[in-house]
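# What the coordinates show
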Amino acid sequence: MTPSALAVVVPAHDEERRISACLRSLRVAAAHVAPLPVLIVVAADACTDATASLAAREGARVVETRCRNVGAARAAGIDHALERRAAAGPDVWLAMTDADSTVPAAWLAHQIAWARRGYDAVLGTIRLAPDTAGPLLVARHDAEYFRTRRLGKSGRAWEHPHVHGANLGVSAAAYRRVGGFAPLPTGEDRDLAARLFATGHRIARTDRHPVRTSARLHGRAPGGLADLLAHLHPGAPDPPAAPDSARAGFLPLSRP
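Residues numbered from 1 in each chain as written. Predicted model: local features only at pLDDT ≥ 70, side-chain atom pairs only at ≥ 80, totals over all residues. Heavy atoms only, no water.

### With respect to the pattern of salt bridges
Across all of its chains, the model carries 7 salt bridges by this definition. For Asp 207, the salt bridge goes to Arg 127, with nearest N and O atoms at 3.0 Å. Residue Asp 207 is located in the loop between strand E9 (203-205) and strand E10 (211-213), and its partner Arg 127 is located in strand E7 (residues 126-128); the two are separated by 80 residues in the primary sequence. Per residue, the accessibility class of Asp 207 equals that of Arg 127, and both read buried. Taken together, the shared-partner salt bridges in this structure form one network comprising Arg 24, Arg 27 and Glu 58. (Salt bridge = Lys/Arg side-chain N within 4 Å of Asp/Glu carboxyl O. Helix = DSSP H or I, 4+ residues; strand = E, 2+ residues; numbered from the N terminus. Buried < 20%, exposed > 50% of the residue type's maximum accessible area, 1.4 Å probe, protein only.)

Next up, the structure:
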């Protein structure tokens, strides 16, 4: 697939402190794929702060919802993006990130390269933003996060098991074939990836160009990264095993 246009969708609930940095990083990433058109859509979900107005000021299209549900918000943002990109034909690439995250400059170019190689979806990785996490929390998180990565110089890229709505891309055709995002309050990213996986779509798992995401301890989605980080925080007891939320984003590396 050679994308004719791109759309980036960002769900946001009361993210006035972080949305501007997110959108500025997306504008830089969009400049790296010029002249391909890039539409940035913010799904401002049940916001009670200035998220929507700040997003509009940064040049994003804003869809306001009252779902209080990240899966439904992502779906609403994508529906709007596909309506706006209808004239571009079927070859639209959809990229997803989160409002508390910033993407690297080559993020979109990297996803497009996978699409041109015939992949239907790209699952990327994250790093904790260094200005939001202390070194001990980063070390505890990374010990769990990288446990499947081979040590040494194996010559093979790490085909990681993670799924993050903060670093995900999918062709519009594949997204529609599997029914899009389900209205789930958490785990909507893994649910979509699992359906793509089960139906034989080609999925790239890449650790290149990770997204920097906030290490906040009180998140927007139950059972998500914030819950894991609260568990791993130096002020918390040191348990023998991470909670289920640590593995909630995993996707099998091979088919049964």
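### Some words on the pairing of strand E1 (residues 5-12)
Burial analysis of E1 places 8 of its 8 residues in the buried class, the great majority of the element. Burial along E1 is two-sided: Ala 5, Ala 7, Val 9 and Pro 11 facing one way and Leu 6, Val 8, Val 10 and Ala 12 facing the other are all buried. As judged from the 5 bridges shared by E1 and strand E4 (residues 92-96), these two strands associate in the parallel manner. Counted as the bridge partner of Leu 6 is Trp 93 from E4. The pairing of E1 with strand E2 (residues 38-45) spans 7 bridges and is classified as parallel. Its bridge partner lying in E2, Val 9 is registered against Val 41. In this region the chain leaves E1, passes through helix H1 (residues 19-31) and returns to the parallel neighbour E2; the handedness of that crossover is right-handed. (Pairing = 2+ DSSP bridges. Right-handed = clockwise from strand over helix to strand, strands pointing away.)

### Things to note about helix H7 (residues 188-198)
Along H7, the positions that sit buried rather than exposed are Glu 188, Asp 189, Leu 192, Ala 193, Leu 196 and Phe 197. Those residues of H7 that are buried are in contact with helix H3 (70-84), strand E6 (121-123), strand E8 (168-171), helix H6 (172-177) and E9. Immediately beyond the C-terminal end of H7, within one or two residues, lies Gly 200, with a positive phi of roughly 80°. (Contact = heavy atoms within 4.5 Å.)

### Observations concerning unusual backbone geometry
A cis geometry characterises the amide bond from Ala 34 onward to Pro 35, with omega recorded as 15°. Residue placement: Pro 35 occurs in the loop between H1 and E2. One non-glycine residue, Ala 46, lies in the positive phi region at around 55°. Looking at the element boundaries, Ala 46 is found in the loop between E2 and helix H2 (51-57).

### Quick word on the side chain of Thr 206
Examined against the element boundaries, Thr 206 turns out to sit in the loop between E9 and E10. Setting aside anything within four residues of it in sequence, one finds Thr 206 in contact with His 110, Trp 114, Val 122, Leu 123, Gly 124, Thr 125 and His 160.

### Some words on empty space enclosed by the protein
A water-sized probe rolled over the atoms picks out the places where empty space is left. If you walk through the whole model with that rule in mind, you get 1 cavity of 30 Å³ or more. Looking at the largest cavity, its volume works out to about 40 Å³. Forming the walls of the largest cavity are Trp 107, His 110, Gln 111, Val 122, Gly 124, Asn 167, Thr 206, Arg 208 and His 209. When residues of the lining of the largest cavity are assigned to their parent elements, the largest contribution, 3 residues, is made by helix H4 (residues 107-116). For the lining of the largest cavity, the per-class residue count stands at 2 nonpolar, 6 polar and 1 charged. (1 Å grid on protein atoms, 1.4 Å probe; cavity = no way out; pocket = protein on both sides within 12 Å on 5 of 7 lines; lining within 4 Å. Points joined across faces, edges and corners; volume = space filled by probe spheres on them. Nonpolar A, V, L, I, M, F, W, Y, C, P; charged D, E, K, R; others polar.)

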